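# Coordinate analysis (summary)
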Amino acid sequence: ARVLVTGANGYIAAWLCRGHLEQGDYVIGTVRSVGKGAYLKKLFASYGNKFEVVVVEDITKPGAFDEAVKGVDAVQHTASPVRLDARTANELVDPAVRGTLGVLESAKNFGKSIRRVVILSSGAAVVQPAKDHTVFDESSWNDAAVEELKQKGDAASPLTLYRASKVLAERSAWEFMESNKGLVSWDIVAVNPPFVRLPPIHEVHSLLELNASMEMMYKMLNDTQSDAEALSRFSGWYVDVRDIAAALSQFARAPDVGGQRFIVAAGPLFWQDIVDAANETDPTIPVKGVPGATKGKPPGYTFSTSRAARVLGMQSYRSLETTVKDSLDYFKTFPAST
Ligand code: NDP
């Protein structure tokens, strides 16, 4: 099959491109500049002409994906800002929403051979963080983030801005499908992963350039100024980047899954669990937190992951220990001062 991956140079997307290439697919990856494509061309050189780069400078421009969607069978839309330093809502919401709608609009007008569009949404579009000990499933929406954005505007926290951007982008995709019923030859699937971790294969020059989710992990293990007890308060869920890439490529071709969202998550954790697992592998890790404090503690919230398991049969995801160990190995590939 021919698969279009938007934001191909991203952390998850690079793994996703590799997954499709390994399955024998042709991959067309969009990036924002020629330079960003060069690294990928090198990374995937062994697949020959099966990997192609297309430059889409501005995903918010109408018709930006018109050329890119031609002749492809499936689209993986991953391009969206993942930043915790945004100062205005529009830095995140605009590209998230208009990028998503732009891909769908181009697919509608020029994607004659497309059968499936996979939208990489997020657990952030599902979970309402204030609701403790709740089970979240595919009917859950983080409307609280959108509400907060409405009330506070740019003064909302960067995390709220990110969460709202993911809710608004995914909702806009479902609304697009509703208002284009019968007008498109393809369906959509939304995939909602929690924090994705593990060694990147995309271009990273230094530890200062890590993508947001890996940067968070690096700081968690190295920032000795942080509050040791807070590590036992923050909880979330995780999934290994290789597992999410595998799930996304399965969703690109699985029959009978169109029109649904899927939570794909490996398990719950407290930040302290990451710190403990890291110290077990490498006792020289500077941050210790309160060792063992969260062992056996019930998670802050629960994801229902049975829908994805039913469809994909993905019952066993990589363990936290594997994820943490491989991440430590990755961090060691950089000189400490960078
Ligand atoms: P990265 O930051 O590594 O990748 C983001 C990609 O989106 C890059 O290709 C980036 O291009 C592109 N992008 C960002 N902003 C814009 C913009 N304004 N216009 C055009 N392209 C843009 O992040 P991840 O790989 O972690 O995230 C990929 C997707 O997965 C996102 O949709 C994210 O919301 C979702 N996700 C990620 C999770 C995680 O823990 N990592 C968890 C759940 C969901 P460029 O390099 O040019 O900026």
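Let us look at the structure shown here. Residue positions are counted from 1 within each chain, in the order its sequence is given. Local features in a predicted model are, by the rule used here, given only for residues with pLDDT of at least 70; side-chain atom pairs are given and counted only at 80 or more, and totals for whole chains, interfaces and linings are based on all residues. The basis for the side-chain values is all heavy atoms of the structure; hydrogens and waters are excluded.

### Let's talk about the sheet that holds strand 10 (residues 260–263)
Whether two strands pair depends on DSSP finding at least two bridges between them. Going along the chain from the N terminus, every DSSP run of H or I of four or more residues is numbered as a helix, and every run of E of two or more is numbered as a strand. What the seven strands build is an open sheet, ordered 3-2-1-4-5-7-10; its pairing is parallel. On the outer flanks of this sheet lie strand 3 (51–55) and strand 10, each paired with one strand and no other. Neighbour-to-neighbour, the strand axes of this sheet turn through a mean angle of 20 degrees, independent of strand direction. In the sheet, strand 5 (residues 116–120) pairs with strand 7 (residues 187–192) via five bridges, with the strands oriented parallel. What sits directly across from I119, in strand 7, is A190. When checking whether two residues touch, look at their non-hydrogen atoms; a contact exists if any pair is within 4.5 Å. Where helices are involved, their axes are fitted lines through C-alpha atoms of the stretch in contact, as for all axes, and angles between N-to-C directions lie from 0 to 180°. Most of the contacts of helix 2 (residues 34–43) go to strand 3, to which it runs at about 170 degrees, and overall it touches strand 2 (26–31) and strand 3. Its contacts with the sheet put helix 5 (residues 158–179) on strand 5, strand 7 and strand 10, and the angle it makes with strand 7 is roughly 160 degrees.

### Quick word on the site of the ligand
Whether a residue is near a molecule or strand depends on its heavy atoms: it is near if one of them lies within 4 Å of it. Close to the ligand lie 25 residues, the nearest being N9, R32, K36, Y162 and K166. In this structure, an oxygen atom belonging to the ligand sits 2.7 Å away from a side-chain N or O atom of N9. Pairing of N or O atoms within 3.5 Å defines a polar contact, subject to two protein rules: one partner must be a possible hydrogen donor and the other a possible acceptor, and residues neighboring in sequence count only if both atoms are side-chain atoms. One of the backbone nitrogen or oxygen atoms of T78 is found 3.0 Å away from an oxygen atom of the ligand. Elements with a minimum of two residues in the shell around the ligand: helix 1 (11–22), helix 5 and strand 8 (195–197). Any residue that is not Ala, Val, Leu, Ile, Met, Phe, Trp, Tyr, Cys, Pro, Asp, Glu, Lys or Arg is counted as polar, Gly included; the first ten are nonpolar and the last four charged. Within the shell around the ligand, the residues separate by chemical class into 13 nonpolar, nine polar and three charged.

### Digging into the side chain of S327
Structurally, S327 can be placed in helix 10 (residues 320–331). Only protein chains enter the accessibility calculation, which uses a 1.4 Å probe; a residue is then buried when its area is under 20% of its type maximum, exposed when over 50%, and partly exposed in between. Residue classification places S327 among the buried positions, given a relative accessible area of 0%. Apart from residues lying up to four places away in sequence, S327 is in contact with L198, M214 and M217.

### Some remarks on the pattern of salt bridges
Take a side-chain nitrogen of Lys or Arg and a carboxyl oxygen of Asp or Glu: if they are within 4 Å of each other, that pair is a salt bridge. This model, assessed by the stated rule, comprises 19 salt bridges. The residue E148 makes a salt bridge to K152 at a minimum N-O spacing of 3.2 Å. Placement of both E148 and K152 in helix 4 (residues 143–152) is noted, with a separation of four residues, approximately one turn of the helix. Residue classification places K152 among the partly exposed positions, given a relative accessible area of 44%. D326 serves as the salt-bridge partner of R242, at 3.0 Å between the closest nitrogen and oxygen. With R242 in helix 7 (residues 241–253) and D326 in helix 10, the pair connects residues that are 84 residues apart, well separated along the chain. With a relative accessible area of 22%, R242 lands in the partly exposed category. Beyond isolated ion pairs, a larger network of salt bridges with shared partners links R83, D85 and E91.

### Observations concerning the packing of aromatic side chains
Pairing of aromatic side chains here covers Phe, Tyr and the six-membered ring of Trp, requires ring centres within 6.5 Å, and sorts the geometry by plane angle: under 30 degrees stacked, over 60 edge-to-face, intermediate tilted. Here the structure, examined in full by the defined rule, presents twelve aromatic pairs. A centroid spacing of 5.6 Å and a plane angle of 75 degrees characterise the contact between F136 and Y301, whose relative ring orientation is edge-to-face. Taken as a pair, F136 in strand 6 (residues 135–136) and Y301 in the loop between helix 8 (271–281) and strand 12 (302–303) lie far apart in primary sequence, 165 residues in all. Like F136, the residue Y301 is buried in the burial classification. Three or more aromatic residues joined by ring pairs make a cluster, and in this case those are F136, W237, Y301 and F303. Ring-over charges, as used throughout, are those where CZ of Arg or NZ of Lys falls within 6 Å of the ring centre and within 35 degrees of the ring normal. Seen from the ring of Y26, K50 lies directly overhead, with NZ or CZ sitting 5.2 Å from the centre.

### Quick look at the packing of helix 8 against helix 10
Between helix 8 and helix 10, the shortest axis-to-axis distance is 9 Å and the interhelical angle comes to 65 degrees. As for the relative orientation of helix 8 and helix 10, their crossing is right-handed in sense. Taken together, the residues of helix 10 that come into contact with helix 8 (itself represented by D273, I274, A277, A278 and T281) are L320, V324, K325 and L328. Here the contact of helix 8 with helix 10 is built from residues that sort into six nonpolar, one polar and two charged. Helix crossings get a hand from a simple test, with the near helix turned counterclockwise from the far one by less than a right angle marking a left-handed crossing and a clockwise turn marking a right-handed one.

### Comments concerning the packing of helix 4 against helix 5
Here helix 4 crosses helix 5 at 115 degrees, and the two axes come no closer than 8 Å. Classed by the angle they form, the pair helix 4 and helix 5 counts as roughly perpendicular. As helix 4 runs across helix 5, the sense of the crossing is left-handed. For the pair helix 4 and helix 5, the contacting residues are D143, A145, V146, E148 and L149 in the first and T160, L161, R163, A164, V167, L168 and R171 in the second. For the contact of helix 4 with helix 5, a count of residues per class yields seven nonpolar, one polar and four charged. The cut-offs work like this: below 35 degrees is roughly parallel, past 145 is roughly antiparallel, 65 to 115 is roughly perpendicular, and the gaps in between are oblique.

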